[in-house]
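# Results of the structural survey
Letter by letter, the chains look like this.
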Amino acid sequence: MRMVERLAREGISNTAVLRAMGAVPRHLFVDEALTGRAYDAATLPIGRGQTISSPFTVARMTSLLDVREGMRVLEIGTGSGYQAAVLAFLGCIVHSVERLPELHEKSTALLKRLGCTGVHTWLADGTLGLPKLAPFERIIVTAGGPAVPHPLLEQLDDNGIMLIPVGNSKNQRLKRVFRRAGSYYEQDCGPAVFVDLVGSHGW
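Residues numbered from 1 in each chain as written. Predicted model: local features only at pLDDT ≥ 70, side-chain atom pairs only at ≥ 80, totals over all residues. Heavy atoms only, no water.

### So, the sheet that holds strand 3 (residues 72-76)
Strand order in this open sheet of 7 strands is 5-4-3-6-7-8-9, and the pairing throughout is mixed. The sheet is open, and its two borders are formed by strand 5 (119-123) and strand 9 (183-192), each paired with just one other strand. When strand polarity is set aside, the average angle formed by the axes of neighbouring strands in this sheet is 15°. One ladder, built from 5 bridges, connects strand 3 with strand 4 (residues 93-98); its direction is parallel. By the bridge assignment, R72 is partnered in strand 4 with I93. Against the sheet, helix 5 (residues 101-113) touches strand 4 and strand 5, its axis set at about 165° to strand 5. (Pairing = 2+ DSSP bridges. Helix = DSSP H or I, 4+ residues; strand = E, 2+ residues; numbered from the N terminus. Axes fitted to C-alpha atoms, helices over the stretch in contact; angles between N-to-C directions. Contact = heavy atoms within 4.5 Å.)

Shown next, in the form of structure tokens:
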């Protein structure tokens, strides 16, 4: 709850997001050795050069995604599974793609153990999305790529929103992409720091 109070002081005002952040046990999504730091305002390693984003980053991205119960969300980069669990708590149907087998297996097992029935995990190249399941009302990419992958744009539903960090490992901007009547509009949401988006349409 101290983490939630800190997030509110830092500017997170969406009460549903704060409720979700307070309900999902973040300490279960980090290595046992880092359990004591799970609720700190920090990004933490989860192995294979990947990270679990800071609580503020997860809360901010979830708020910017503007989800509602029942929405179909495509997540690129399952990682620890924490972001997917937060979205599932908010009532979303999440299809989450991870390219690293060991992270995929670990997060899938944890999400299942926690009863996150609204999360469906896939082992694949996330930059290609999941075309057979498209379109998605929301798409969230938790890694930074050189540009917005075209396959993901095509899989975004009309009136949909995509969040994606764009740039290299030293200079990224968080982009919010809106699709309206077949056209796309970008909003710059400020600087971001994420691991590289690796795949056919990434680095």
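### Some thoughts on helix 4 (residues 82-89)
In terms of residue burial, helix 4 counts as a mostly covered element, since 7 of its 8 residues are buried. Within helix 4 the residues assigned to the buried category are Y82, Q83, A84, A85, V86, L87 and A88. In the stretch just after helix 4, G91 is the one whose phi turns positive, near 90°. (Buried < 20%, exposed > 50% of the residue type's maximum accessible area, 1.4 Å probe, protein only.)

### Points about the layout of surface pockets
Volume-wise, the largest pocket comes out at about 250 Å³. If you go around the largest pocket, you meet 14 residues; those closest to its centre are T43, T57, A192, V193 and F194. Counting only elements with at least two residues in the lining of the largest pocket, the list comes to helix 3 (55-65) and strand 9. Ranked by residue count, the leading element in the lining of the largest pocket is helix 3, at 4 residues. A class-by-class count of the residues in the lining of the largest pocket yields 8 nonpolar, 5 polar and 1 charged. (1 Å grid on protein atoms, 1.4 Å probe; cavity = no way out; pocket = protein on both sides within 12 Å on 5 of 7 lines; lining within 4 Å. Points joined across faces, edges and corners; volume = space filled by probe spheres on them. Nonpolar A, V, L, I, M, F, W, Y, C, P; charged D, E, K, R; others polar.)

### So, the packing of helix 2 (residues 15-23) against helix 4
Orientation of helix 2 relative to helix 4, taken along the N-to-C sense of each, is 125°, at an axis distance of 9 Å. The pairing of helix 2 with helix 4 is recorded here as oblique in orientation. For the pair helix 2 and helix 4, the sense of crossing is right-handed. In this structure, helix 2 contributes R19, A20, M21 and A23 to the contact, and helix 4 contributes Y82, V86 and F89. Considering only residue class, the contact of helix 2 with helix 4 consists of 6 nonpolar, no polar and 1 charged. (Parallel < 35°, antiparallel > 145°, perpendicular 65-115°, else oblique. Left-handed = near helix turned anticlockwise from the far one by under 90°.)

### Here's the deal with the pattern of salt bridges
Here the structure, examined in full by the defined rule, presents 5 salt bridges. We note a salt bridge from E102 to R48, for which the minimum N-O separation is 3.2 Å. Taken as a pair, E102 in helix 5 and R48 in the loop between strand 1 (44-47) and strand 2 (50-52) lie far apart in primary sequence, 54 residues in all. By relative accessible area, E102 is classed as partly exposed at 46%. (Salt bridge = Lys/Arg side-chain N within 4 Å of Asp/Glu carboxyl O.)

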